Amino acid sequence: MVQINRNYLKLKAGYLFPEISRRVNAFSQANPQSSLIRLGIGDVTEPLPQACCKAMKDAVEEMGTSSGFHGYGPEQGYPWLREAIAKNDFQARGCQISADEIFVSDGSKCDSSNILDILGEDNRIAVTDPVYPVYVDSNVMSGRTGDADQSGQYGGLSYIPLNSENGFEAELPLEPVDLIYLCFPNNPTGAVASKEHLAKWVNYANQNNALILFDAAYEAFIQDPLLPHSIFEIDGSRNCAIEFRSFSKKAGFTGTRCAYTVIPKSVHGSTANGNKVDLWTLWNRRQSTKFNGVSYIVQRGAEAVYSLSGQLQTEKLVSFYMQNASIIRKELSSAGYKVFGGEHAPYVWIEAPKGQNSWQFFDYLLQNANVVGTPGSGFGTAGEGYFRLSAFNSRENVEEAMKRIIRI
Ligand SMILES: *Cc1c(COP(=O)(O)O)cnc(C)c1O
């Protein structure tokens, strides 16, 4: 009989979101009249920017003509999109990233998992705790971890706690590591990284020949102009970092699908006998073999994000969500909750009150306020006792949810 990949059996069977659904469904069945407000899911709610819609409509029309038809495009993305990205997202901020170091894709979720294809199996890996579950699960699936222990932590991974004691700053690992996943602004804690914080990691990586996988999916939500949007704003990063970016949260592309990965030509890894190999060449080979590019229509939509109207519309979108975050922060702090994040990220991270654990607080909010959030423990052991509320919702729902939480 055909053999399966037994690494999949080590996975903690997608515990978090199914368990939330189970509890929400049970509650709704018992209380059919109640109207629930969901501040749990990390998906955007506002419509696409008009500039993107218009560009995609035009591209569809073009595709229906013989002169404007496009078949397979370059696997790395069309040059006009790669150039717009390099210029606007990097060169404008003083980062030396060129268009051919940008690889356009259909999502950061896949890129941040697929990157393991070009990296060795024996790398020592560090993730933060709590963490975006994709980094951990993709390592489990590809056989790079041991089994999970009682607390849900996998053997072979180094966990770097993010908590209120360390100000949600990722401290350097106590044991040596080769591969480090960092996500700032952070999902789920809503924390942001300063230049000093990132420089500490870049120095570590350069001194230890390690690689940083930097997820900047939420960079557009940064409000303070002095904070870094990219790891490439840090000196020395061109030798030790790869960055993932996405149009999902910034421009509402979660259903449209477009993202990109930046691999500087100067980042190298090593073969077993110590020869240096550049990662750009390996990723280029991987993408050309296993990926056929993002649709022309969608890439035209992503390009429109950089037009004058597209920039204004995405700024408006981001500021709408950030006003939601600020309402959540303000209302909950004045009601006595300890809140973190939400200033440079669309997530507010709350300490569950009265010593409740994450799931107890989940049930408490569900039962008494009919508000659904995400238990912090679902993102890792160090998330226990915390709770994530997302700012991705209508103003009306956010205001109503806050009224209900404050009343209880
Ligand atoms: C939403 C999100 C992404 C974006 O994923 P896409 O596949 O591009 O939609 C990446 N990283 C984190 C941490 C996210 O929360």
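Description of the structure in this document.

The rules behind the values
Residues numbered from 1 in each chain as written. Predicted model: local features only at pLDDT ≥ 70, side-chain atom pairs only at ≥ 80, totals over all residues. Heavy atoms only, no water. Phe/Tyr/Trp six-rings, centres within 6.5 Å; stacked < 30°, edge-to-face > 60°. Helix = DSSP H or I, 4+ residues; strand = E, 2+ residues; numbered from the N terminus. Buried < 20%, exposed > 50% of the residue type's maximum accessible area, 1.4 Å probe, protein only. Lys NZ or Arg CZ within 6 Å of the ring centre and 35° of its normal. Contact = heavy atoms within 4.5 Å. Disulfide = S-S within 2.5 Å. Pairing = 2+ DSSP bridges. Axes fitted to C-alpha atoms, helices over the stretch in contact; angles between N-to-C directions. Near = heavy atom within 4 Å. Polar contact = N/O pair within 3.5 Å; in protein donor to acceptor, adjacent residues only side chain to side chain. Areas by Shrake-Rupley, 256 points an atom, 1.4 Å probe, with all protein chains shown as cover. Left-handed = near helix turned anticlockwise from the far one by under 90°.

## Thoughts on the packing of aromatic side chains
Evaluation of the coordinates by the stated rule reveals 27 aromatic pairs. Judged by centre distance (6.1 Å) and plane angle (75°), the rings of Phe 221 and Phe 392 are edge-to-face. With Phe 221 in the loop between strand 6 (211-215) and strand 7 (241-246) and Phe 392 in the loop between strand 15 (386-390) and helix 11 (395-407), the pair connects residues that are 171 residues apart, well separated along the chain. The residues Phe 221 and Phe 392 share a single accessibility class, namely buried. For the ring pair Trp 349 and Phe 379, a centre distance of 6.3 Å and an interplane angle of 65° mean the geometry is edge-to-face. Taken together, the positions of Trp 349 in strand 12 (residues 347-351) and Phe 379 in the loop between strand 14 (374-375) and strand 15 put the pair 30 residues apart, joining distant regions of the chain. Taking relative accessible area as the criterion, Phe 379 reaches 5% and is therefore assigned buried. Put simply, the rings of Phe 90, Phe 232, Phe 247, Phe 253, Tyr 260 and Tyr 306 touch in pairs and so form one group of aromatic residues. For the cation-ring pair, Arg 82 lies above Phe 103, with the distance from its terminal atom to the ring centre recorded as 5.8 Å. Here the basic side chain of Arg 300 rests over the ring of Trp 80, its NZ or CZ set 3.6 Å away from the ring centre.

## Brief notes about the environment of Leu 39
Checked against the element boundaries, Leu 39 lands in the loop between strand 1 (37-38) and helix 2 (50-63). Each C-alpha atom, one on Leu 39 and one on Ala 216, is 22 Å from the other, the two residues being 177 residues apart in sequence. Those residues in contact with Leu 39 that sit more than four places away from it in its chain are Val 371, Val 372, Gly 373, Arg 388, Leu 389, Ser 390, Asn 393, Val 398, Ala 401 and Met 402.

## What to know about the state of the cysteines
The tally for this structure, following the rule as stated, stands at zero disulfides. Looking at the unpaired Cys 183, the closest cysteine sulfur is the one in Cys 110, lying at 16 Å. When its relative accessible area of 6% is taken as the criterion, Cys 183 is described as buried.

## A closer look at the sheet that holds strand 12
Taken in spatial order, the four strands line up as 11-12-15-14 in an open sheet, and their pairing is antiparallel. Every interior strand has two partners, whereas the edge strands, strand 11 (339-341) and strand 14, have only one. The pairing of strand 12 with strand 15 spans five bridges and is classified as antiparallel. By the bridge assignment for strand 15, Glu 351 is matched with Tyr 386. Seen against the sheet, helix 9 (residues 308-334) touches strand 11, strand 12 and strand 15 and runs at an angle of roughly 155° to strand 11.

## Points about the site of the ligand
Residues in contact with the ligand amount to 14 residues; listed here are only the nearest, Asp 215, Tyr 218, Ser 246, Ser 248 and Lys 249. One of the side-chain nitrogen or oxygen atoms of Asn 187 is found 2.8 Å away from an oxygen atom of the ligand. Separating an oxygen atom of the ligand from a side-chain N or O atom of Lys 249 is a distance of 3.3 Å. Expressed as a share of its isolated accessible area of 390 Å², the protein-covered part of the ligand is 93%.

## Quick word on the environment of Leu 119
Inspection of the secondary structure puts Leu 119 in the loop between helix 4 (108-114) and strand 3 (125-129). Here the alpha-carbon distance between Leu 119 and Thr 271, two residues 152 residues apart in the chain, equals 9.9 Å. Non-local contacts of Leu 119, meaning those with residues more than four positions away in its chain, are made with Arg 144, Leu 179, Leu 211 and Leu 279.

## So, the packing of helix 1 (residues 16-30) against helix 10 (residues 358-369)
Each packed pair of helices is defined by two parameters, the angle between the axes and the distance between the axes. Where helix 1 contacts helix 10, the axes come no closer than 11 Å and their chain directions differ by 35°. In the crossing of helix 1 with helix 10, the sense of the turn from one axis to the other is right-handed. Two secondary-structure elements touch here, helix 1 through Leu 16, Glu 19, Ile 20, Arg 23, Val 24 and Phe 27 and helix 10 through Trp 359, Phe 362, Asp 363, Leu 366 and Gln 367.

## With respect to unusual backbone geometry
The omega torsion across Asp 129 and Pro 130 is 5°, close enough to zero to call that bond cis. Here Pro 130 is to be found in the loop between strand 3 and helix 5 (133-141). Residue Pro 185 follows Phe 184 across a cis peptide bond; omega there is -10°. Mapped onto the secondary structure, Pro 185 falls in the loop between strand 5 (179-183) and helix 6 (195-208). Positive phi values are uncommon outside glycine, yet Phe 168 reaches one of about 60°. Tracing the sequence through the fold places Phe 168 in the loop between strand 4 (157-161) and strand 5. According to the relative accessible area criterion, Phe 168 is buried, its value standing at 5%. A positive phi angle, near 75°, is found at Arg 257, a position not held by glycine. By the element assignment, Arg 257 lies in the loop between strand 7 and strand 8 (259-262).

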